[in-house]
Amino acid sequence: MSENSARICAVITEETIDAARAAIKQAASVADLIEVRLDYLTDFDFTDLNVLRDLLKDSSLPAIITCRAVSEGGRQEVDDDVRLRLLAAATRFADYCDVEAAHYEQLLRFSPDSSRLIVSCHDFSGTPADLDAIYDRITFLPAAVHKIVTRANNVADSLAIFKLLERARAEQRPLIALAMGEAGLITRVLGPAFGSFLTYGTLGRGKESAPGQPSCDELVNIYRVHRISRATSITGILGSPVAHSASPAMHNRAFAELDLDFVYLPFEFADLAAFFRRFVRPETREIDFHLSGLSVTIPHKRDVIPLLDELDETARGTGAVNTVVVTDGRLIGYNTDVRGAMEPLEKVTPLAGESCAVIGAGGAGRAVIHGLLERGARVQVFTRNADKASELTDSFGVNVSTIESLESSNAQIVINTTPIGMRGHSEGSSAVPRASLRGRRVAYDLVYNPLETRFLADAREEGCITISGLEMLVAQAALQFELWTNSKPPIDLMRGAALEKVASC
Ligand code: NAP
């Protein structure tokens, strides 16, 4: 499978031997090796070595045998002597056997072949400050490979993992190091490029052996782990939360289509200044990677500005940045939300001289107001919070009224920029009563999940042209893609990736 030396290890976490056999066959097309988790098998005889030999017979990939103690994430209680005797014996025919450092002494009683051992250490609660001490302790134990797995409670925890991998590489020691949890995903994707012996992937949803494990398919086809090297351009989304963002799917699909040496990652982080200091600013960052750009989302779009070196005109005009480009060590802020919001609208209607109603005036609403005014539209804003009226009037010179007064407005284009109707928030509700949409020409909802919100369904029934927020999502991402890569974005493909992601949420 490999284009470079990166190895993807499919975890086999089936409960029956027959299902494990099928999964092992399936792994051959998406992975470079397998890890068979014996502690998941409920019909396995832990005292019969022949059953294990038979199970491995059909594997075309190198195999790691693991029978984890419950104290380190094992699925079922197996007597330590029984499982360690089995693992020691398996070192005579399996490629590798993974055993916890805490049980190493006990394992020695059964005379394992240490040249086939992976000695591992797990922390399921966090990433300890003394990772070097753990590394010193476990690398003292003879083995083919050592393994340290922690939990990332935020993306900064992954820095300790990368430092450890740098150290192991300098010492030429094979090491598997990664951080579990959603915030640890970057260690799973970039780990092999930093020298990790392998990275783990599942064979499907619900088959994870550890939190935050992506599927082999995602590692191969979305993140293209086999393609990533230390020269790969890193991009990603910075915000909180970002775990369900459609942006990684859109950008990575587009990078793959154009065969660009780029990858896009989720960076979930609440402390913006610390993130910029530790990951972004070339003079202070603690990770040696080639960062090319960032998408910036809630809640950082305004606060990011003082951390940048330069702003483009739209970012300056809106006072918000959703895109950072890193070029020659300088950080430049852009706002692609404005054009991203306007392009789908301009495809269905001229804007100059048109009367437009904007409901809500938060971050996205301000981008819409800016874009409409720039294009010569007449803008009325409708908010629930009259206190914000003077601020908006000062910034944009627009009229602000209550949402209830929308019904009496003559606007032909109505744009919802509130989150009302969003899945997991207020799905099925609309920011305005259906009667307020009667007689309008165009209704545009910035909410993109679900694709057809109650607001859009009402508008469609009232005969309006409707536009889903997915169109803005794709358009603003396509503009970001162009800024980072100087290449023409494959928009239809990006839309397809966004649609798949939205449908899966
Ligand atoms: P935001 O900054 O929090 O602004 C939300 C706005 O909606 C505020 O004006 C808020 O009013 C108003 N609002 C919230 N709940 C309301 C309610 N129950 N009734 C009336 N008004 C309400 O959020 P944002 O970043 O602008 O995002 C807004 C929506 O746009 C989200 O659903 C987001 O997913 C979507 N969006 C889509 C795209 C895309 O690409 N399609 C891009 C950006 C945003 P107050 O000021 O009174 O709180």
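Everything below is about the structure shown above.
Now for a description of the structure that goes with this document. Just so you know, these numbers come straight off a predicted model, no measurement behind them.

1. Here we look at the pattern of salt bridges
As enumerated under the stated definition, the model contains 39 salt bridges in all. Between R460 and E452 there is a salt bridge, and its shortest N-O distance comes to 2.7 Å. The partly exposed category is assigned to R460, whose relative accessible area is 43%. Among the residues examined, E452 registers a relative accessible area of 38% and is labelled partly exposed. Salt bridges sharing common partners tie together R68, D80, R83, D98, E100 and K147.

2. Here's the deal with the packing of aromatic side chains
Going through the model one piece at a time under the given rule, you end up with 11 aromatic pairs. Seen from their ring centres, Y96 and F197 are 5.6 Å apart, and the 80° between their planes marks the pair as edge-to-face. With a gap of 101 residues between them, Y96 in strand β4 (residues 96–100) and F197 in the loop between α7 (185–190) and β8 (199–201) connect regions that are remote in the sequence. Classification of Y96 by relative accessible area gives buried; the value is 19%.

3. Looking at the site of the ligand
In the vicinity of the ligand lie 21 residues, with G363, A364, R384, K388 and G469 positioned nearest. The contact in question runs from an oxygen atom of the ligand to an N or O atom on the backbone of G363, over 2.9 Å. One of the backbone nitrogen or oxygen atoms of A364 is found 2.7 Å away from an oxygen atom of the ligand. For the ligand, the protein covers 76% of the area, taking 920 Å² as the surface of the free molecule. Going through the elements one at a time, α13 (363–374) and α16 (469–485) are the ones with two or more residues in the shell around the ligand.

Conventions we followed
- Residues numbered from 1 in each chain as written.
- Predicted model: local features only at pLDDT ≥ 70, side-chain atom pairs only at ≥ 80, totals over all residues.
- Heavy atoms only, no water.
- Salt bridge = Lys/Arg side-chain N within 4 Å of Asp/Glu carboxyl O.
- Buried < 20%, exposed > 50% of the residue type's maximum accessible area, 1.4 Å probe, protein only.
- Phe/Tyr/Trp six-rings, centres within 6.5 Å; stacked < 30°, edge-to-face > 60°.
- Helix = DSSP H or I, 4+ residues; strand = E, 2+ residues; numbered from the N terminus.
- Near = heavy atom within 4 Å.
- Polar contact = N/O pair within 3.5 Å; in protein donor to acceptor, adjacent residues only side chain to side chain.
- Areas by Shrake-Rupley, 256 points an atom, 1.4 Å probe, with all protein chains shown as cover.

What is shown is where atoms sit, not what they do.
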